[in-house]
Amino acid sequence: MPHRGRVLFLSLIVAGAWACDESEQLVSVAPVPVVSPERFDFGAVPLGATKRLSLQISNGGTAALSIEDVMVDAPWFVDRLELPLELAPGAQQLVDVGFRPTVLDPVTATLGLVTNAAETPSLSLPLSGEGADGVLAVSPEQLDLRNTPVGGARFAELLVENRGLADLSGEIRLEGVSFPGYFQRGSATLEGSFSVGARGQLPLDVAYQPLDPGDHSGVLRFEICTGRCGVEVQLDATAVAPTVRLEPPVLDFGDVGIGERRVRTLTVRNEGTEAVQLLDLGLRGGTGVSLTPPGAFPLNLSAGGVLVIDVAFAPAEALELSGGVRVQLDDSSFPEVQAGLRGRGVGPLFVVQPERIAFGVVTAAGDESRRAMVALNAGSADVEVTEVRLDGNSAFSLQALPGLPVTLRGGETLPIDVRFRPSALGVVTATVTLRSTDPQRAEVRVPLEGGLAERVCVIDVDPPTVNFGAVVPMFRRDRKVLLSNRGTEDCRLLGGSFRSPSDPAVTRLGPDPFPVTLTQGQSLELDFRYLPTAEQESKVIYTVRTDEPLYPFRNVALVGTGAGYLDLFTRPRVVDFGEVRPNCPEVVQEVELVNAGSSRVDVTGFTLTSSTPEFRLDAPASATLAPGTVQAFRVGYDAADLGDDVAIVQIDVRDLAFPIVVPIQGTGRDNPVVVDTFEQQPRRDVDVLFVIDDSCSMGDEQLAIARNFMSFIRQANLRQVDFRLGVTTTTVLGTGGGLVGPPISPNTANLEGEFSRQTAVGTRGSGLEQGLEATLAAVVRAERGLLPNVNLFRAQTPKVFVVISDEDDFSPAPELTYAAQLRNRFGQIETAVVSGQSTGCQSSDGSATPSPRYERFVQDLSGQSYSICGDWAGNLASIGQTAFGLAVSFDLSRTPVASTVEVRINGTRQSSGYTVDVSLPAVVFASPPPEGARIEVRYTPECGS
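Rules and cut-offs
In this numbering scheme, every chain counts its residues from 1 along its sequence in written order. Owing to the predicted nature of the model, reporting of local features is limited to residues with pLDDT of at least 70; listing and counting of side-chain atom pairs is limited to 80 or more, with chain, interface and lining totals taken over all residues. Excluding hydrogens and water, the side-chain figures rest on all heavy atoms present in the structure. Strands were regarded as paired on the criterion that DSSP finds at least two bridges between them. Secondary structure follows DSSP: runs of H or I at least 4 residues long count as helices, runs of E at least 2 residues long count as strands, and numbering of each begins at the N terminus. Every axis corresponds to a line fitted to the C-alpha atoms, with the helix fit spanning only the stretch in contact, and the corresponding angles, defined between N-to-C directions, vary from 0 to 180 degrees. Left-handed is the label given to a crossing in which the near helix is rotated counterclockwise from the far helix by less than a right angle, and right-handed is the label when the rotation is clockwise. Only heavy atoms enter the contact rule, under which two residues are in contact if any of them lie within 4.5 Å. Asp, Glu, Lys and Arg are counted as charged, while Ala, Val, Leu, Ile, Met, Phe, Trp, Tyr, Cys and Pro are counted as nonpolar; the rest, among them Gly, fall into the polar class. pLDDT is a residue-level measure of predictor confidence that goes from 0 to 100. Nine residue types can take part in a nonpolar core, namely buried Ala, Val, Leu, Ile, Met, Phe, Trp, Tyr and Cys, and a core is a set of them joined through side-chain atoms within 4.5 Å. Under the scheme applied here, a residue whose accessible area is under 20% of the maximum for its type counts as buried, over 50% as exposed, and between as partly exposed, the area being computed with a 1.4 Å probe on protein chains only.

With mixed pairing, five strands are arranged side by side in an open sheet as S33-S40-S39-S35-S37. Strands at the two margins of the open sheet, each flanked by one partner only, are strand S33 (357-362) and strand S37 (406-408). Sheet twist, expressed as the average angle between the axes of neighbouring strands with direction ignored, equals 25°. Taken together, the ten bridges between strand S39 (residues 426-436) and strand S40 (residues 443-452) define a ladder with antiparallel strand orientation. By the bridge assignment for S40, Leu-434 is matched with Val-444.

Pasting the structure below:
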């Protein structure tokens, strides 16, 4: 622990001038500087934060004391002190001494005072402190709220970011501010507690609403360490008598029903003696708010003149309104005046999803297709569903409808099974009409469409709906859509475009690939990007036009939101039992509800909705998921007859407006056939990160890595892969995640020697290995543009992460959190861990402890696990094959009857060259299929598999 200095009262008695009184006594007349304490130990302060301690300077003499100068070097400072500081005899003054560390090492310095005392012209105080790892960042570092009109308001936004892997909380404090009540966040005072989830961000709206003129500047501190210690933001806030004033300073709409519209008036008043020109009128934030300008801008407002602006609030959902109205002026002293907005949307919100159902085209009369429709209440008051009616062509039908009316509380859903069985050629339509007690949505219509044709372009859109999820504004997320020809005839794709209305937050990446012809089995990949700039939802449709005359269009729905983030999902997202032989034993699949976010999740119920007793749900009545944990449940399917069966599992989550719905499907068939298809990856560029344990027990292993480099890189050389390769260590103290050298590429001189040099990371690192934290830290450093990491990861390039350690991971967050962070950034990635695996191991070169955390990490990302006690050449060759080479093993979805397996490569049946391993189960080739090959495995599954 750092040494804490003693508080010592220093009395420095200095001889001065002498005088005689009537009693002939001599009296000392001199200033005597006294300081307390005698030294400062600031202890550990996080990087990016500031800690302040108070120094008391007193005059213990009989003459005036002058502090003429204060001298201190960074990272210490003294501010808000006017020099010279004059102290009368007996007076004292508190002076702030601040410490803002910039390095992790302990540092010392001296604070010097220059005085007018003849015998003690200078004083010295020792200073000490050290920097600690900092995880809190606040931007911007300064808020300019100057020249705010009295009675008006100025608004600013702060972004509070937690860069750590644990939740962070603290207190917001104002210091040096004459009237703290003038500052607010939302409807509450600015001072108070705050919390930010792991790797989370907290946007904070700051409102300055002064009632008196003057300077109200000071420091806004986010205190996360002891005392006056935290990340500081400088507040420059001054209020002046306004020329133009907005009344009222805050428009409060109160509670407004969803779908209703409430209007409030805002008065613009010129209280000056000269005319003012209004240049523009606008909104800051506030979903569902609109303005009615009093005329075309610019507008002249004469002295004493008044303008009235109508402001309307029409909430489309249950939400809290927070924002402001801004009026821009041609006055250089008051370029803008603002008024705040407040209100809340309440009431029922009846929503039906999807808004339209397209069954597509089928080629055989009598074939039946099924789709799910969900009616839900997304509001805050009950909704009663009174009618569900189907009008239109008889090829459509509704199945398993519940008795009506049905009451839906906030967040509850009503699933509806819609079926399509055409009998005549052509396109047919129908409409499902739902009536409810929601006054704003008393009737909702969902159009249905489908067709029957002799020839159809069978284009599989995967996924048909791209959900970007919740993305923080100004951050991006990329997703892929695969268009595949699953038919027997060529399909020509003529063009693609966004349907109006489009959204600039959603774009398609890359050159235009159209027109293009897809032969049987061929695919086309489209890349889309979501980059929200505001806290609002985005929903667009991308339409691909084909040459099919009957049903030419294929749609891709793309949705995302910049309004929040909750990383909660199921694995798998859809449970498909495939074809099952009736009267076989029940088939059971396990589903995991994954909380990959940073907040606790309370599940209030799991519900199975099915029209057939062939499905069974085994789940708890409720569950609580801590961050980084999973809750497993099971779904069983006992096919009792022939035909398709569908169901859903609904997962209700407290404080989540939309429940999670897991579709369940299976088919009873006498002679079930499973067809698994795979595509051999083409040659690809790859970015690789090695995370190597640098603790004291890893010397031999590092030598083995270097010696077997050629085993790892052989496939990259054979296939001429353009790779980038970086190396970091499992020690995260200090610059954790930083590469030990520049990224290695095929152009690196003496490639093998450079790899050997970099992988020899040494054995003086931390004994608490944090391989997962180091992996994520390396990625974050690259995102922040820090050298040399910024040159490792390229856009749109597959990523491979390799962790090598003889001990388990000691990173602070659950391993699931790291997997989710990497998956969210890069999508599909390759991972490999070389460790003691689940049981530990021992060899002639040493031993390794069990590594269950690393095992769970690679399992979550479908990666590869290798024993650190095994064959290094074989391990690295296998990792290199995964990173750069072609696959030879393809996992099957079911356990096959071995004698029924039929394998085709690009449509040609294979009579030899592969084996069937039913224990995995998988098909393993003696030599890898060629690049881009389509592998099809057809088989009869074992009963009950």
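Take the packing of helix H5 (residues 815-826) against helix H6 (residues 852-860) next. Look at H5 against H6: their axes get within 9 Å of each other, and the N-to-C directions meet at 35°. For the pair H5 and H6, the crossing hand works out as right-handed. Touching Glu-815, Leu-816, Tyr-818, Ala-819, Leu-822 and Arg-823 of H5 are Arg-853, Arg-856, Phe-857 and Asp-860, all from H6. Across the contact of H5 with H6, the residue classes break down as five nonpolar, no polar and five charged.

Moving on, we get to the confidence of the model for the protein. Model confidence for the protein is summarised by a mean pLDDT of 84, while 92% of its residues fall at 70 or above. Note that residues 1-26 has pLDDT below 50 and, in this model, 49 contacts with residues that lie over four places away or in other chains.

We now examine the nonpolar core. Note on soluble globular proteins: their nonpolar side chains tend to be buried together. If you look at the biggest cluster of nonpolar residues, it comprises 51 residues, and the most contacted ones within it are Leu-158, Phe-183, Leu-220 and Phe-222. No other element matches strand S22 (residues 229-240), which puts six residues into this core. Each residue touching Leu-158, except ones within four places of it in the same chain, is listed here: Val-138, Ser-139, Pro-140, Leu-143, Leu-202, Pro-203, Leu-204, Val-206, Leu-220, Phe-222 and Val-233.

Take Gly-360: it is sitting in strand S33. Among the residues examined, Gly-360 registers a relative accessible area of 14% and is labelled buried. Considering only alpha carbons, one finds Gly-360 and Ile-459, 99 residues apart in sequence, at a separation of 10.0 Å. Contacts of Gly-360, omitting those with residues within four sequence positions, involve Phe-420, Glu-449, Gly-450, Gly-451 and Tyr-551.

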